[in-house]
Amino acid sequence: MTRTARILLPLAATALLVTAWHVAATRVGSTLLFPPPGSVVLGAVETAAGGRLFGHIVASLQRFAIGYLGGIAIGVPLGLLLGLSVHARSAFDPIIQVLRPISPIAWFPLFTLWFGIGELPAIAIVFTAAVYPVILTTTSAVREVDPLYLKVARTFGDSRAGTVARIILPASLPGIAVGLRIAVGTSWVFIVAGEMLGVTNGLGYLIIDARNSLRTDLVLVAIVIIGALGLGIDRALRLAEARVRRHWGGAA
Amino acid sequence: MSARPGIRFDSVTKLFGTSSGQAHRAVHDVTLSVADGEFVCLVGPSGCGKSTLLAIAGGFEQPTSGRVLIGETEITDPGTGAVTVFQDYGLFPWRTVRDNVEYGLQVRGVPPAERRARALAELDAVGLGAFAEWHPHELSGGMRQRVSIARALAVDPAVLLMDEPFGAVDAINRARMQEELERLWCEHERTVLFVTHDVDEAIYLADRIVLMTPGPGRIAEQIDVTFSRPRVRGSGEFFALRSRILETLHLAGTESRTEFEI
């Protein structure tokens, strides 16, 4: 595919979608039930003008960053432990496999009881969504370290701790980077749900607030922004991941 | 001159369990002494136990009976005296060439400045001084193996174990690698135990060739290679020795096959 095609095709598809949206909305004829693209743009301009929209975005990104980084801070060491120790793996893997398929939303009632109404339940939901993919990919990255590297470590008489720090950790970094990117996608989805209760700003709050005041155009503003930010975060992590892989010698 | 001990195999036998529950005799009663500064090649067809023997010398495998000694120290773990160079290099892709060579020194707690100087000196010795800041994936197979040899030599091991180190290198570069290894060895006279199935490689490099045969893996014959270095691959004595070795291996091969059929 040529470079121009790569740029033009998604633009054309987006234009087609927006046009179809506009036509359909005009047919429905109710800005409340189905706001056309034009009124969504006007709504965006309106909220952006007061600086409120920017405040919502910053609030969401902050909560997301804390929950996601927390998930890494807990998930990577735990994944390392499970990858290194057969005993730890056989003890904890079943527990993780049972907890993992539970939607983070299911924990919401308990989170609000434990952490109160406010920031923390939203952060905890993002954390819950991020931590499992990080644990699992880190574990498998550690287990897939080339056994030859470990033989080299042994022939040079490296200690267990030295081998972990000098060989296993750097060798599994490309695999961990993949996990970090997967986790960013899964946990960003849940920031909205986390903000639908108990907070007074953020994009999830914006959706609920807009619904309560029957501003469906603003609901769509929030939805589009959530999607765009999700795409942006994913792209940033893809770049970081590619850098790690390049620096690591193309997973030689 | 140097007081290095060489390496000694003392009635080493190694059995492996098989899936059918029978024990496979990979190495049978091998006694072998490699003197300090000697270059010994283990040669034989696959299954003759040469790689198992090297793995035992490297501390990666434990003998079922018998023992391996470097001086008075029995080898029970890797990292106790011998350093192994592997066929697939085992270079760390996230480290530069120099950092790779520094690895063993880092493990031994050598301070950074000295580490760096020694690594660069070893890289110069294998002709890769200009590539110190490159990454392994930017180098050819032959260059990678030279880095891995430099990494091993940097820690000045009592014994250097080489497991078909040029097996993954193409034929033309293999000859060059053999010449370089010989030059390096002549400069330092290190004790080398070298596994190969390439008879020419063994004749070119070895002070002594240990011929091994399978079923069970044991030493068939030991041959001192006395002609002067650097050896000429096309010379008459080279050919004569080659024919003799191939004949020995061939005879032993038919013999064990007959045994097997009965």
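Residues numbered from 1 in each chain as written. Chains lettered and ligands numbered in written order. Predicted model: local features only at pLDDT ≥ 70, side-chain atom pairs only at ≥ 80, totals over all residues. Heavy atoms only, no water.

Observations concerning the overall build of chain A
Assigned secondary structure in chain A consists of 10 helices and 0 strands. Counting only C-alpha atoms, chain A reaches 75 × 55 × 30 Å along its principal axes. Taken across its 252 residues, chain A has 42% of its residues classed as buried. Pairs at least 24 apart in sequence give 71% of the contacts found in chain A among residues at least 6 apart. Just so you have it, chain A exposes about 13400 Å², and 71% of that area is on carbon and sulfur atoms. Across chain A, the centroid of the 20 positively charged side chains sits 8 Å from that of the 11 negatively charged ones. (Helix = DSSP H or I, 4+ residues; strand = E, 2+ residues; numbered from the N terminus. Buried < 20%, exposed > 50% of the residue type's maximum accessible area, 1.4 Å probe, protein only. Contact = heavy atoms within 4.5 Å. Areas by Shrake-Rupley, 256 points an atom, 1.4 Å probe, with all protein chains shown as cover. Lys, Arg positive; Asp, Glu negative; His and termini not counted. Charge placed at Lys NZ, Arg CZ, Asp CG, Glu CD.)

Focus on the state of the cysteines
Residue and element names in this part refer to chain B. Summed over all chains, the structure comprises 0 disulfides over all chains. Just so you know, cysteine 41 is unpaired, no disulfide at all, and the nearest cysteine sulfur is the one on cysteine 48, 13 Å from it. Summary of cysteine pairing: cysteine 186 is not part of a disulfide, and the nearest cysteine sulfur, belonging to cysteine 41, is at 13 Å. (Disulfide = S-S within 2.5 Å.)

Observations regarding the domain arrangement of chain B
Residues and elements named next belong to chain B. Looking at the assigned domains, one finds that chain B contains domain 1 (1-81 + 161-233) and domain 2 (87-156). Taking only C-alpha atoms into account, the centre of domain 1 sits 24 Å from that of domain 2. Taken together, the contact pairs 15 residues of domain 1 with 12 residues of domain 2. Where domain 1 abuts domain 2, roughly 1200 Å² becomes buried across the two surfaces, and 54% of that area is made up of carbon and sulfur atoms. Of all residues in domain 1, Met177, Leu184 and Arg190 give up the largest surface area on contact with domain 2, accounting jointly for 37% of the area buried on that side. Between the two partners, domain 1 and domain 2, sit 2 salt bridges. A salt bridge links glutamate 180 to arginine 146, with the shortest nitrogen-to-oxygen separation between them at 3.4 Å. Counting every contact that joins domain 1 to domain 2 gives 5 residue pairs in polar contact (both at pLDDT 80 or more). (Domains from an automatic or database assignment. Buried area = accessible area lost by both parts, 1.4 Å probe. Salt bridge = Lys/Arg side-chain N within 4 Å of Asp/Glu carboxyl O. Polar contact = N/O pair within 3.5 Å; in protein donor to acceptor, adjacent residues only side chain to side chain.)

Concerning helix α4 (residues 141-154) of chain B
Because an α-helix packs 3.6 residues into every turn, residues spaced three or four apart end up facing the same way. Compared with the 20 Å implied by 1.5 Å per residue over 14 residues, the 20 Å span of α4(B) between its first and last C-alpha is a close match. α4(B) sits mainly inside the fold: 12 of its 14 residues count as buried. For α4(B), the full list of buried residues reads B:Gly142, B:Met143, B:Gln145, B:Arg146, B:Val147, B:Ser148, B:Ile149, B:Ala150, B:Arg151, B:Ala152, B:Leu153 and B:Ala154. In this fold, the buried residues of α4(B) make contact with α7 (147-155) of chain A together with β6 (82-85), α2 (97-107), α3 (112-125), β7 (159-163) and α5 (171-188) of chain B. Backbone geometry just after α4(B) places B:Asp156 at a positive phi near 50 degrees. (Expected span 1.5 Å × (residues − 1).)

Topic: the confidence of the model for chain A
When pLDDT is averaged along chain A, the result is 91; 98% of the residues meet or exceed 70. The spread of mean pLDDT over the elements of chain A runs between helix α2 (residues 37-49) of chain A, the lowest at 88, and α7(A), the highest at 95. (pLDDT = per-residue confidence, 0-100.)

Re the packing of aromatic side chains
Counting across every chain of the model gives 16 aromatic pairs over all chains. Between A:Phe111 and A:Phe115, the aromatic rings sit 5.8 Å apart at their centres with planes inclined by 35 degrees, giving tilted as the arrangement. Within this pair, A:Phe111 and its partner A:Phe115 are both found in helix α5 (residues 108-115), separated by 4 residues, close to a single helical turn. For A:Phe115, a relative accessible area of 38% puts it in the partly exposed group. Ring geometry for A:Phe156 against B:Tyr103: centres 5.8 Å apart, planes inclined by 90 degrees, an arrangement best described as edge-to-face. A residue pair is termed interchain when its members come from two chains, as with A:Phe156 in the loop between α7 and α8 (160-194) and B:Tyr103 in helix α2. Each of the two residues, A:Phe156 as well as B:Tyr103, counts as buried. Members of the aromatic cluster, each reached through a chain of ring pairs, are A:Tyr149, A:Phe156, B:Phe92, B:Trp94 and B:Tyr103. For B:Arg231, the ring lying beneath its charged end belongs to B:Phe227, and the centroid distance is 5.4 Å. In this arrangement the basic side chain of B:Arg233 is found over the ring face of B:Tyr204, its NZ or CZ atom lying 4.0 Å from the centre. (Phe/Tyr/Trp six-rings, centres within 6.5 Å; stacked < 30°, edge-to-face > 60°. Lys NZ or Arg CZ within 6 Å of the ring centre and 35° of its normal.)

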